Structure formats: C-alpha cells, structure tokens
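Listed below are the residues making up each chain.
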Amino acid sequence: ETGVTQTPRHLVMGMTNKKSLKCEQHLGHNAMYWYKQSAKKPLELMFVYNFKEQTENNSVPSRFSPECPNSSHLFLHLHTLQPEDSALYLCASSQSRTEMNTEAFFGQGTRLTVV
Amino acid sequence: GNSVTQMEGPVTLSEEAFLTINCTYTATGYPSLFWYVQYPGEGLQLLLKATKADDKGSNKGFEATYRKETTSFHLEKGSVQVSDSAVYFCALGGYNKLIFGAGTRLAVHP
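Just so it is clear, the model here is predicted, and its values are computed rather than measured. (Residues numbered from 1 in each chain as written. Chains lettered and ligands numbered in written order. Predicted model: local features only at pLDDT ≥ 70, side-chain atom pairs only at ≥ 80, totals over all residues. Heavy atoms only, no water.)

Points about the overall build of chain B
Here comes step 1: Counting secondary structure elements, chain B contains 0 helices and 12 strands.
Here comes step 2: Written out in order from the N terminus, the α and β elements of chain B read β-β-β-β-β-β-β-β-β-β-β-β.
Here comes step 3: Here chain B has a C-alpha radius of gyration of 13 Å; the compact-globule value for 110 residues is 13 Å, and the two agree.
Here comes step 4: Principal-axis analysis of the C-alpha atoms places the extent of chain B at approximately 45 × 25 × 20 Å.
Here comes step 5: Residues counted as buried form 45% of the 110 residues belonging to chain B.
Here comes step 6: Contacts in chain B between residues far apart in sequence, at least 24 positions, make up 54% of those at least 6 positions apart.
Here comes step 7: Here chain B has roughly 5200 Å² of accessible surface; of this, 48% comes from carbon and sulfur atoms.
Here comes step 8: Treating the 9 positive side-chain charges of chain B as one cloud and the 10 negative ones as another, the clouds have centres 8 Å apart. (Helix = DSSP H or I, 4+ residues; strand = E, 2+ residues; numbered from the N terminus. Rg over C-alpha atoms; globule rule 2.2 N^0.38 Å. Buried < 20%, exposed > 50% of the residue type's maximum accessible area, 1.4 Å probe, protein only. Contact = heavy atoms within 4.5 Å. Areas by Shrake-Rupley, 256 points an atom, 1.4 Å probe, with all protein chains shown as cover. Lys, Arg positive; Asp, Glu negative; His and termini not counted. Charge placed at Lys NZ, Arg CZ, Asp CG, Glu CD.)

Remarks on the nonpolar core
Here comes step 1: Among the nonpolar cores identified, the biggest contains 27 residues, and B:Leu19, B:Trp35, B:Leu47, B:Leu48, B:Phe73, B:Leu75 and B:Tyr88 are the most heavily contacted of them.
Here comes step 2: Of all the elements in the fold, those that place two or more residues in this core are strand E2 (11–14), strand E3 (19–21), strand E4 (23–26), strand E5 (33–38), strand E6 (44–50), strand E8 (62–65), strand E10 (86–94) and strand E12 (104–109) of chain B.
Here comes step 3: Ranked by the residues each element gives to this core, the list is headed by E10(B), at 4 residues.
Here comes step 4: Grouped together as the second largest cluster of nonpolar side chains are 22 residues, A:Met13, A:Phe64, A:Leu78 and A:Ala87 included. (Core = buried A, V, L, I, M, F, W, Y, C linked by side-chain atoms within 4.5 Å.)

Some remarks on the sheet that holds E8(B)
All names here are of chain B.
Here comes step 1: Pairing is antiparallel across the open sheet formed by 4 strands, whose spatial order is E3-E9-E8-E7. Each of the sheet's edge strands pairs with one partner strand only, and the pair in question is E3 and strand E7 (56–59). Adjacent strand axes in the sheet meet at a mean angle of 15° when their direction is disregarded.
Here comes step 2: Summarising the sheet, E7 and E8 pair through 4 bridges and their orientation is antiparallel. (Pairing = 2+ DSSP bridges. Axes fitted to C-alpha atoms, helices over the stretch in contact; angles between N-to-C directions.)

Digging into the environment of A:Gly3
Residues and elements named next belong to chain A.
Here comes step 1: Topologically, Gly3 is positioned in the segment before strand E1 (4–7).
Here comes step 2: On the basis of relative accessible area, Gly3 is assigned to the buried category, the value being 18%.
Here comes step 3: Linking Gly3 and Leu90, residues 87 residues apart in sequence, is a C-alpha distance of 13 Å.
Here comes step 4: Beyond its immediate sequence surroundings of up to four residues, Gly3 is in contact with Glu24, Gln25, His26 and Leu27.

A word on the state of the cysteines
Here comes step 1: Tallied over the full model, the rule gives 2 disulfides over all chains.
Here comes step 2: There is a disulfide in this structure between A:Cys23 and A:Cys91, and the S-S distance comes to 1.9 Å. Disulfide A:Cys23-A:Cys91: torsion about the S-S bond near -75°, hence left-handed. Of this pair, A:Cys23 sits in strand E3 (residues 18–25) while A:Cys91 sits in strand E9 (residues 87–94), and the two are 68 residues apart along the sequence. Across this residue pair, the class does not change: A:Cys23 and A:Cys91 are buried.
Here comes step 3: Residue B:Cys23 pairs covalently with B:Cys90 via a disulfide, S to S 1.9 Å. Judged by the torsion about the S-S bond (-70°), the B:Cys23/B:Cys90 disulfide is left-handed. Residue B:Cys23 is located in strand E4, and its partner B:Cys90 is located in strand E10; the two are separated by 67 residues in the primary sequence. The two residues B:Cys23 and B:Cys90 agree in class, both being buried.
Here comes step 4: Summary of cysteine pairing: A:Cys68 is not part of a disulfide, and the nearest cysteine sulfur, belonging to A:Cys91, is at 9.0 Å. (Disulfide = S-S within 2.5 Å.)

Some details on the interface of chain B and chain A
Here comes step 1: At the interface, 25 residues of chain B touch 24 residues of chain A.
Here comes step 2: Our enumeration of links across chain B and chain A arrives at 2 salt bridges.
Here comes step 3: For the salt bridge of A:Glu103 with B:Lys49, the shortest nitrogen-to-oxygen distance reads 2.6 Å.
Here comes step 4: For the pair chain B and chain A, the interface holds 7 residue pairs in polar contact (both at pLDDT 80 or more). (Salt bridge = Lys/Arg side-chain N within 4 Å of Asp/Glu carboxyl O. Polar contact = N/O pair within 3.5 Å; in protein donor to acceptor, adjacent residues only side chain to side chain.)

Considerations on the packing of aromatic side chains
Here comes step 1: If you walk through the whole model with that rule in mind, you get 11 aromatic pairs over all chains.
Here comes step 2: Members of the aromatic cluster, each reached through a chain of ring pairs, are A:Tyr33, A:Tyr35, A:Phe106, B:Phe34, B:Tyr36, B:Phe89 and B:Phe100. (Phe/Tyr/Trp six-rings, centres within 6.5 Å; stacked < 30°, edge-to-face > 60°.)

Structure, rendered in structure tokens:
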C-alpha cells in the first residue's frame, strides 16, 4: 500500500457509542494531522502530532481523543458524540518542517454520521 | 497571524471556458503556497505548489504564480472540462501545518 489510508470510509454511530477512526501512512513521514470538514464550513485543523508527540490541539472537545502510537499510525477515539459532530474526518501526513513549506498528503477521509 | 482568503463560490462555467479562482494570503516569512483539489466523496489531492516568489506551479493544465508583491496565488486554467468539477483549496505552508482557505466549488457544465 502507498499513501495515506483511512478506515473505515463510512461510519454511523449512536450518541452513546464508542468508536475509533484509524489512519496509516506509508510515506515515511513524521508528522500526522486530523482535520474536520463540515458542510459549508472551512477545514478545521483538530490535532497535530510530530514524532508521536502532540504539538497542537485546537480547542477540540474531549469527546475526541487522539492517539499516535508511532509515526505511521494515528487514531481518533470517539465517545458520546453529538449530531453536530457529523462530518468528514480527514487524516494527513507530512515531513516535519521548520521552514514554512509543509506539504501534506491526505487520506480519503471517514464520513461520520452521528444519530 | 497567517491566513488565506479565496473567492467564494460556487463558480459555474461552461466547458472550455477560462477559469480563475482568486487566492490571497497574509504571512510572516516566506511560505510555500499550494492548491489542493477535492473531488466528490474524496480526500484532498495536491494539485500544484510554488515554494518561492515568482515561481509558477502547474499541473493538468492548471497554473498559479506566486506573487509576493500582491500576496496572491490565483489559480487559472485556459479551458475547463466537466471532469474539473470539484472543490479547490488554496493553502499556505505553515510551521508543521497547512493553513487552508475556505474552498471554492467549481461546477463545469457541458
């Protein structure tokens, strides 16, 4: 496999469920990201990990819990979500950069519906 | 702070029309600039990029020139096709992250 792979592609969950989204990258990158894309809203950066360490959390509610066990894998654990959390969740990876030239590669996303 | 502003859509064109999608940015330093494209039901794909002033990025007939004097990176294509219908995102390369514009939806009709 190549690139960035996200599973599952589609997920329907109830508000009391617990589920996890998975992301895996085969590009040898050391930075990984979660973005949220809601209808008619700009892309929202949720979390950033560099070398497995979380370096950014953009005021994301605690019902979203990220995990990065190594530079190739990223998870987003979900619990007690709300219907407004329904969105496309995108994972991305890049080489960690100190210059302002970060180029990210994206997975195909997980379409999440909370019922 | 760093930010990206792109024209609101949707942009609706007939096949073979000329396309321009405007993008301007605010940044300290000298960022790289990107255009990403998102086809229906898919993630974002890198379309083209430019890493310094006056660079021109190009791919699949699309072009954009990094203009430092006007802080712009407008996307152009001379003749669009129905298959170009998608959402286009302008982005700025920040420190260990990308900063995106709001996206512009393009619809091309036969």
